Amino acid sequence: MSKILRQQIEKITPLSDKEFEYILSHFTERKLRKHQFAVQCGQAVKFDYFILSGCLKSYHTDNDGKIHIIQFGMQDWWITDYQAYYNQTAATIDIDCIEDTEMLCLSYENREKLCAELHKMEHFFRKKTNIRNVALQQRILSLMSNNAKERYDSLLEQYPQLFQKVPKHLLASYLGVTRETLSRFNSTSK
């Protein structure tokens, strides 16, 4: 399973076997079952998670108890509460498993150590952060500028696998629509 991590890093920078073994030694493996939390609001965030298999959701629950999906995470994706992880503060969001999940966990200390010791890893994480920043900006602009059908079509085009893994009510929450509206979109897209 660790070859998935190596493949992702090597999309950005080549690694020797020795370098990869050293990098991998800074990760721990974790398996979670469906509905288990990787991150809980109010608790310390110790890890950035690289997903080997499974699917997770990160979300905020407002004062009325409504869940707002921030992102999903699938194989070959990274997920955590980045505000809490980088600032070493308590989580402001929850992240739990939509299905059984296997992850590699990287502590903040080990990330900083790898970046200080291996320029390749500093380069890798900078590039991944740039990609995440662009995706976040696109999501915000889409929420502000696109109607619900356009957001649905864009999500379906970019991540069709989400529609196989994620329950409809969670996709509806992510898109900011009702489940009934999502069902209408599904029926008109076929």
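Enquirer: Any chance you could explain a nonpolar patch on the surface here in plain terms?
Expert: Together, Leu136, Ile140, Leu141 and Met144 line one region of the surface with nonpolar side chains, adding up to about 400 Å² of accessible area. Mapping Ile140 onto the fold places it in helix 5 (residues 119-145).

Enquirer: Mind showing me how you'd approach unusual backbone geometry here?
Expert: Note on backbone geometry: most residues besides glycine have negative phi, and most peptide bonds are trans. Positive phi, close to 80°, is recorded for His35, a residue that is not glycine. Summarising the element assignment, His35 is placed in the loop between strand 1 (27-32) and strand 2 (37-39). The exposure class of His35 is exposed, given its relative accessible area of 58%. One non-glycine residue, Gln88, lies in the positive phi region at around 55°. Here Gln88 shows up in the loop between helix 3 (82-87) and strand 6 (94-107). On the basis of relative accessible area, Gln88 is assigned to the partly exposed category, the value being 39%.

Enquirer: Is there a simple way to think about the side chain of His26 in this case?
Expert: Relative to the helices and strands, His26 is located in the loop between helix 2 (17-24) and strand 1. Here the side chain of His26 touches Tyr22 through a polar contact of 2.8 Å, landing on its backbone oxygen. There is a polar contact of 3.3 Å between the side chain of His26 and the side chain of Ser25. For His26, the contacting residues outside a window of four places in its chain are Cys105, Leu106, Asn110, Lys113 and Leu114.

Definitions and cut-offs
Residues numbered from 1 in each chain as written. Predicted model: local features only at pLDDT ≥ 70, side-chain atom pairs only at ≥ 80, totals over all residues. Heavy atoms only, no water. Patch = residues over 30% accessible without salt bridge, like charges linked within 9 Å, V, L, I, M, F, W, Y side chains within 5 Å. Areas by Shrake-Rupley, 256 points an atom, 1.4 Å probe, with all protein chains shown as cover. Salt bridge = Lys/Arg side-chain N within 4 Å of Asp/Glu carboxyl O. Helix = DSSP H or I, 4+ residues; strand = E, 2+ residues; numbered from the N terminus. Buried < 20%, exposed > 50% of the residue type's maximum accessible area, 1.4 Å probe, protein only. Polar contact = N/O pair within 3.5 Å; in protein donor to acceptor, adjacent residues only side chain to side chain. Contact = heavy atoms within 4.5 Å.

Scope: geometric values only; no functional claims are made or implied.
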